[in-house]
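So the chains spell out like this:
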Amino acid sequence: MGYCSWNDCASEVTEERIKRVTRALIDSGLAAKGYRRVNVDEGWLASRDANGNMVADRTKFPSGMRALGEWVHAQVVPGHGRVMKYGLYTSRGTCQCSTMKYQGPGSAGFVRQDAAWMAAAGADFVKEDSCCGSQTHDVAFRQFAEMRDALNATGRQIFFALCGWNTWYAERGASLGNSWRIAVDGTNWATLSGCVNRNAQLGRFARPGAWNDPDLLQGTGVGSNDRATNPNGCFVAREIPQSRDWYLTEVQARAQFALWAVMSSPLLISADPSQIGAGLLETWGNEEVIAVNQQFRPGGPYQGSRLLGGDLFWDPELQRGGGTNVWGKMLPNGGWTVVFVNNGPNATTIHCDIGCYGPVVGEERRSYSVRDLFARKTIGTFSVPQTLVAKAVAPSGGSAMLRLELVTDDMVSRRSLRSEAFSRLPCKTASPTGDWGGLCRATESASSGGGGRTKTRKSKSKRGKAARQS
Ligand code: GLA
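The structure presented is a predicted model; accordingly, all values stated were derived computationally and were not measured. (Residues numbered from 1 in each chain as written. Predicted model: local features only at pLDDT ≥ 70, side-chain atom pairs only at ≥ 80, totals over all residues. Heavy atoms only, no water.)

**Q** Hey, could you run me through the overall build of the protein chain in this one?
**A** Scanning the protein chain for helices and strands turns up 13 helices and 20 strands. Within the span of the protein chain, comprising 470 residues, buried residues form 58% of the whole. Total accessible area on the protein chain is roughly 17,600 Å²; 51% of this is exposed by carbon and sulfur atoms. (Helix = DSSP H or I, 4+ residues; strand = E, 2+ residues; numbered from the N terminus. Buried < 20%, exposed > 50% of the residue type's maximum accessible area, 1.4 Å probe, protein only. Areas by Shrake-Rupley, 256 points an atom, 1.4 Å probe, with all protein chains shown as cover.)

Given below as structure tokens:
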């Protein structure tokens, strides 16, 4: 959980922006709720020196990356202390993903050196992109494995985020890093709907310390990144062609957040929290939705699944779409959550009957208290086999989200569920505001797995040290 500079600032990210965003995460209360990672995406690396060492762009980062890391780490989150974390970006190819304003060298041929450099700069997170790198599966796996090993060799606890834009990383993801991008950049409701569709097939690959990554939390773009609409923006849109359509409506941003929670996706805000509106702050700051993201039923499944509906569709030109979805995720102590989404052009009532939730939740005659997570209100009781109904879900990306908790009558089943579940817990669980990344990163060599048969094992070596995250 935290911030990533890409959809906020593109390659125009600066030290000043990073400091301002860090303070904003803290002052807005978001850091106290778990948003503690401050990840500098592409744009900080200028070149290499004669010895091949990374050289930061000192016009944008006058103090240098190490000093910035120290500054981030020194910030105090009231009630929590110095818990902020710092992230850096590189690419496994020969170059980074250039924009009209930026071109930087990649890590190909410099993997150990770059890993050591970033660790020395204080990185707690490294995102490795795939630009100027081979898209052949084996080569990509080998290159990511090289960086994994190099990061582990530093002895520093570093969350390793793979960025390869394809679902085929999922099968090997847990053996390579802590998260892996599954699709192209999700910068508007069309691409994000596509990310959701892809992720619907990948739930079985997610587990503590290893997560599918459907990309960043995209703001509304209003009052944030583009200088044309905001004097406090970072970039001039025409100089960053990638930034076209970098926005969602408030309604879509809420659906994205609900879905990212149920899909146990990384929650990386890509906007400046000091500039976003009250609606977005309420959405991203909703602790009950954050809790759904951070919690899971011990023993799994760790990622929620699509219970009903097919692919969501959205046409960015026409600003119209189609498809309704119901998603569900199992939570600790017999609880579960359900998310309804409507991409169609009219408000729609969506039903989830026992045929919808039964296969995941079970058909035992249990009773639950029901909480509306957006309204933050307990709205009644629900008993299997009743049908859950979300009335008049708003069109064009509207959503509703409920959390169901076993009622006290079911204390006995609740206790048995808990003890059974915890005995199967493979890794340390995360608290709602904790950070699941890196708790149990697999450290086997990439070559030993494959074809869905990858194993994870706990390492006692230095690599194991890097695998644990505080
Ligand atoms: C790719 C990645 C993005 C971002 C940009 C930087 O497009 O998918 O997340 O890192 O590169 O150019």
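**Q** Please clarify how the pattern of salt bridges should be interpreted in this entry.
**A** Side chains that carry opposite charge are capable of pairing whenever their charged atoms lie near each other. Within the structure shown, the criterion is met by 23 salt bridges. The salt bridge partner of Arg-156 is Asp-124, with a shortest N-O separation of 2.7 Å. Here Asp-124 lies in the loop between helix H4 (111-120) and strand S6 (125-129) and Arg-156 lies in the loop between helix H5 (137-153) and strand S7 (159-162), a separation of 32 residues in the sequence. Accessibility expressed as a relative area gives 26% for Arg-156, which makes it partly exposed. Between Arg-244 and Glu-317 there is a salt bridge, and its shortest N-O distance comes to 3.7 Å. Here the residue Arg-244 occupies a position in the loop between strand S9 (211-213) and helix H8 (250-262), and Glu-317 occupies one in the loop between strand S12 (313-315) and strand S13 (320-322), the gap between them amounting to 73 residues. (Salt bridge = Lys/Arg side-chain N within 4 Å of Asp/Glu carboxyl O.)

**Q** Where do I start with the sheet that holds strand S17 (residues 367-372) in this structure?
**A** Sheets are built from strands that pair by backbone hydrogen bonding, the pairs being arranged parallel or antiparallel. Read across the open sheet, the six strands follow the order S11-S14-S15-S20-S17-S18; overall the sheet is antiparallel. On the outer flanks of this sheet lie strand S11 (305-308) and strand S18 (377-383), each paired with one strand and no other. Mean inter-strand twist for the sheet, computed between neighbouring axes without regard to direction, equals 30 degrees. Pairing between strand S15 (residues 336-342) and strand S20 (residues 398-406): seven bridges, direction antiparallel. Residue pairing across strands places Val-338 opposite Leu-402, the latter belonging to S20. (Pairing = 2+ DSSP bridges. Axes fitted to C-alpha atoms, helices over the stretch in contact; angles between N-to-C directions.)

**Q** Explain the sheet that holds strand S1 (residues 2-4) to me, please; I cannot follow it from the model alone.
**A** Taking strand neighbours across the sheet as the criterion, the eight strands line up as S9-S8-S7-S6-S5-S2-S1-S10 in an open arrangement whose pairing is parallel. One side of each edge strand has no neighbouring strand; the edge strands of this open sheet are S9 and strand S10 (268-269). Bridging between strand S8 (residues 179-181) and S9 involves three bridges; their strand directions are parallel. Following the sheet pairing, Ser-179 is matched in S9 by Trp-211.

**Q** What is the right way to look at the nonpolar core in this model?
**A** A general trend in soluble globular proteins is that nonpolar side chains are found buried together. Grouped together as the largest cluster of nonpolar side chains are 102 residues, with contacts concentrated most on Tyr-35, Trp-44, Met-65 and Leu-259. Here the element with the most residues in this core is H8; it accounts for eight residues. If we ignore the near neighbours within four places in the chain, the residues touching Trp-44 are Met-54, Ala-56, Asp-57, Phe-61, Met-65, Leu-88, Tyr-89, Tyr-102, Trp-117 and Met-118. Counting 22 residues, the second-largest nonpolar core is a separate cluster that includes Val-326, Tyr-357, Ala-400 and Leu-402. (Core = buried A, V, L, I, M, F, W, Y, C linked by side-chain atoms within 4.5 Å. Contact = heavy atoms within 4.5 Å.)

**Q** Even after reading the chapter, I still don't get the pairing of S17, so can you show me in this structure?
**A** For a regular strand, side-chain orientation follows a simple rule: the groups alternate between the two sheet faces. Of the pairings in the sheet, the one linking S17 to S18 comprises six bridges and is antiparallel in character. Residue pairing across strands places Arg-371 opposite Thr-378, the latter belonging to S18. Relative to S20, S17 runs antiparallel, the two being bridged by five bridges. Across the sheet, residue Val-370 finds its bridge partner in S20, namely Leu-404.

**Q** Quick question: what am I supposed to make of empty space enclosed by the protein here?
**A** One way to see where empty space is left: roll a probe the size of a water molecule over the atoms. Inspection of the entire model under this criterion finds three cavities of 30 Å³ or more. Considering only enclosed or pocket space, the largest cavity measures out at about 160 Å³ in volume. Lining the largest cavity are 20 residues, and of these Phe-125, Ala-161, Ser-179, Asp-213 and Leu-268 lie nearest its centre. At the level of secondary structure, the elements contributing two or more residues to the lining of the largest cavity comprise strand S2 (37-39), S6, S7 and S8. Looking at the lining of the largest cavity element by element, the count peaks at three residues for S7. Its residues placed into classes, the lining of the largest cavity shows twelve nonpolar, two polar and six charged. Within this model, the second largest cavity holds a volume of roughly 50 Å³. Grouping the amino acids of the lining of the second largest cavity by side-chain chemistry returns five nonpolar, three polar and one charged. (1 Å grid on protein atoms, 1.4 Å probe; cavity = no way out; pocket = protein on both sides within 12 Å on 5 of 7 lines; lining within 4 Å. Points joined across faces, edges and corners; volume = space filled by probe spheres on them. Nonpolar A, V, L, I, M, F, W, Y, C, P; charged D, E, K, R; others polar.)

**Q** Looking at this structure, I do not really get the environment of Pro-273. What am I missing?
**A** Among the structural elements, Pro-273 can be located in the loop between S10 and helix H9 (278-284). Every residue in contact with Pro-273, bar those within four places of it in the chain, is listed here: Val-21, Ala-24, Leu-25, Ser-28 and Leu-30.

**Q** I would appreciate a short explanation of the site of the ligand in the present structure.
**A** In the vicinity of the ligand, the contacting residues are Trp-6, Asp-41, Glu-42, Tyr-89, Cys-97, Lys-127, Asp-129, Cys-163, Trp-165, Arg-181 and Asp-185. One of the side-chain N or O atoms of Glu-42 is found 2.9 Å from an oxygen atom in the ligand. In this structure, an oxygen atom belonging to the ligand sits 2.5 Å away from a side-chain N or O atom of Asp-185. Contact with the protein chains covers 93% of the free accessible surface of the ligand, which is 300 Å². Here the residues of the shell around the ligand sort into five nonpolar, no polar and six charged. (Near = heavy atom within 4 Å. Polar contact = N/O pair within 3.5 Å; in protein donor to acceptor, adjacent residues only side chain to side chain.)

**Q** Could you clarify how one ought to interpret unusual backbone geometry in this entry?
**A** Most peptide bonds take the trans form, and the phi angle of most residues other than glycine is negative. Residue Pro-301 follows Gly-300 across a cis peptide bond; omega there is 0 degrees. Structurally, the position occupied by Pro-301 is in the loop between helix H10 (287-294) and S11. In this structure, Pro-385 follows Val-384 across a cis peptide bond, with omega equal to 15 degrees. Tracing the backbone through its elements, the reader meets Pro-385 in the loop between S18 and strand S19 (388-393). Of note, Asn-333 is a non-glycine position whose phi angle comes to about 60 degrees, a positive value. Positive phi is not limited to glycine here, since Ser-396 has a value of about 55 degrees. Its relative accessible area of 23% is what places Ser-396 among the partly exposed residues.

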